[in-house]
Amino acid sequence: MHARPASFSTVSVDGVVQRWEDLRLQDFAQGFFFGAGFFTTFRIDAGQPRFLARHLARLRGSLDAFPAAVHSPAPELLHEDAVRESLRRCLAADAALGPRFTGVGKLAVSDGHVLGTFRPFAVDLEAHHREGRELDSVEAGAYRRAERTVNHKGLAYFRQHALLPRLPVLTNEAAEVCELPTANLFVQLDGALVTPPLSAPCLPGIARAVLLAMASVDGLPVVERVLPLADLARAQACFYSNAVALAVGVPRLLGRELPDSPRLAERARAALEARAVREG
């Protein structure tokens, strides 16, 4: 497992509330030593996990895709009602969290266990929502077309984690855009909002899937198609998405000013927030 990323000591293991310091390494050896497992991070607003059913479905899909590599937990541990209840108990048990906690939840699955942890939002999240974030670099050839593991959020996440400080645009060997280290990319181009296909490859992000299902943002059709890196020079606006930040505008993309990006990201974020409330 990863070294502790959370600011809170209350965790859940297979639905049982306990303290981080009481976890036993031997219970998570497969994940710790081999990165053999999967995780998902999700937004929690006033105690309510957002898009939880989608996150759990993705976790189950990853486990099904690699049945010989990861020891899966009992199916009932990844049932939505069970996970909601374990999260509720964690929040109620820790005064630093509380039943109205707003921040980030994480579920990590390995060694037949489900580990739930909590952390606050990044300190710069509000500023990124307001001002956006510049993307000024490219990690060329970082992926290979149809690379299977990229479509799953595995515990062996060092490649992406190492690139987080500069947040480059990741491309494949054919100079096609794939994703950012922890987010999917959406580019306003040719009258549409374009995001790379899963075969690029990229992670099937939760926010990405919701936006594609909506089919339109701010009057722009949302489509997935191959996105050559060279086409970014024609972008009219851009934002990136993930399940925690939802949507962050890119006011400057590889040296080009895109002043409409924060407004477009705000519209996408509002649509995602509304859908999250409806889905419960």
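Relevant structure appears above.
Below, the structure is looked at part by part.

So, the overall build of the protein chain
Looking only at helices and strands, one finds 7 helices and 17 strands in the protein chain. The C-alpha atoms of the protein chain give a radius of gyration of 19 Å, which matches the 19 Å a tight globule of 280 residues would have. Overall, the protein chain is about 50 × 40 × 30 Å in size when its C-alpha atoms are taken along their principal axes. Burial analysis of the protein chain (280 residues in total) assigns 50% to the buried set. Taking all contacts inside the protein chain whose residues are at least 6 apart in sequence as the whole, residues at least 24 apart take part in 71%. Approximately 12200 Å² of the protein chain is accessible, and the part contributed by carbon and sulfur atoms is 54%. Placing the 32 positive and 31 negative side-chain charges of the protein chain at their respective mean positions leaves the two points 2 Å apart.

Considering the pattern of salt bridges
Applying the stated rule across the entire model yields 22 salt bridges. Here Arg130 ties to Glu131 by a salt bridge, and the two come within 3.3 Å at their closest N and O atoms. The class of Glu131 is partly exposed, set by a relative accessible area of 48%. Here Glu224 and Arg208 are joined by a salt bridge, their closest N and O atoms 2.5 Å apart. Residue Glu224 is found in strand β13 (residues 220-224), and its partner Arg208 is found in helix α6 (residues 206-214); the two are separated by 16 residues along the sequence. Residues participating in the shared-partner salt-bridge network are Asp190, Arg225, Asp231 and Arg234.

Concerning the sheet that holds strand β10 (residues 184-189)
Taken together, the 6 strands give an open sheet; going across it, the order is β12-β13-β11-β10-β14-β15, and neighbouring strands pair in mixed fashion. The sheet is open, and its two edges are formed by β12 (216-217) and β15 (248-249), each paired on a single side. Alignment of β12 against β13, held across 2 bridges, turns out to be antiparallel. Residue pairing across strands places Ser216 opposite Pro221, the latter belonging to β13. Contacts from α6 reach β10, β11 (192-195), β12, β13 and β14 (237-241) within the one sheet, and its direction differs from that of β13 by about 125°. In the packing of helix α7 (residues 261-279) onto the sheet, contacts are made with β10, β11, β12, β13, β14 and β15, and the angle to β14 comes to roughly 40°.

Section: the layout of surface pockets
Quantified by volume, the largest pocket comes out at close to 1200 Å³. Forming the walls of the largest pocket are 41 residues, and the residues nearest its centre are Thr41, Arg119, Tyr157, Leu164 and Thr182. Split into classes, the residues belonging to the lining of the largest pocket amount to 22 nonpolar, 12 polar and 7 charged. In this structure, the second largest pocket spans a volume of roughly 280 Å³. Along its surface, the second largest pocket is lined by 17 residues, and Phe38, Thr149, His152, Gly154 and Ala156 are the ones closest to its centre. Looking at the lining of the second largest pocket residue by residue, the class counts come to 10 nonpolar, 6 polar and 1 charged.

Regarding unusual backbone geometry
Of note, the bond from Ala200 into Pro201 is cis; its omega dihedral lies within 30 degrees of zero at 10°. Inspection of the secondary structure assignment puts Pro201 in the loop between β11 and α6. If you check the backbone angles, Leu167 has positive phi at about 45° while not being a glycine. Positive phi is not limited to glycine here, since Asp218 has a value of about 55°. Assignment of secondary structure puts Asp218 in the loop between β12 and β13.

Overview of the side chain of Glu179
The residue Glu179 is located in strand β9 (residues 177-179) in this model. Nearest to the buried, unbridged Glu179 among oppositely charged side chains is Arg159, at 7.2 Å. Residues in contact with Glu179, not counting those within four places in the same chain, are Tyr143, Val150, Pro168, Val169, Leu170, Asn184, Cys202 and Leu203.

As for the sheet that holds strand β8 (residues 169-172)
Spatially, β7-β8-β9 is the arrangement adopted by the 3 strands of the open sheet, whose pairing is mixed. Both outer strands of the open sheet, β7 (138-143) and β9, are each paired with one neighbouring strand and no more. Ignoring which end each strand starts from, the neighbouring axes of this sheet average 45° apart. Where β7 and β8 come together, 3 bridges link them in parallel fashion. Note on β8: the bridge partner recorded for Glu139 is Leu170.

Cut-off values and rules
- Residues numbered from 1 in each chain as written.
- Predicted model: local features only at pLDDT ≥ 70, side-chain atom pairs only at ≥ 80, totals over all residues.
- Heavy atoms only, no water.
- Helix = DSSP H or I, 4+ residues; strand = E, 2+ residues; numbered from the N terminus.
- Rg over C-alpha atoms; globule rule 2.2 N^0.38 Å.
- Buried < 20%, exposed > 50% of the residue type's maximum accessible area, 1.4 Å probe, protein only.
- Contact = heavy atoms within 4.5 Å.
- Areas by Shrake-Rupley, 256 points an atom, 1.4 Å probe, with all protein chains shown as cover.
- Lys, Arg positive; Asp, Glu negative; His and termini not counted.
- Charge placed at Lys NZ, Arg CZ, Asp CG, Glu CD.
- Salt bridge = Lys/Arg side-chain N within 4 Å of Asp/Glu carboxyl O.
- Pairing = 2+ DSSP bridges.
- Axes fitted to C-alpha atoms, helices over the stretch in contact; angles between N-to-C directions.
- 1 Å grid on protein atoms, 1.4 Å probe; cavity = no way out; pocket = protein on both sides within 12 Å on 5 of 7 lines; lining within 4 Å.
- Points joined across faces, edges and corners; volume = space filled by probe spheres on them.
- Nonpolar A, V, L, I, M, F, W, Y, C, P; charged D, E, K, R; others polar.

In short, shape yes, function no, at least from these values alone.
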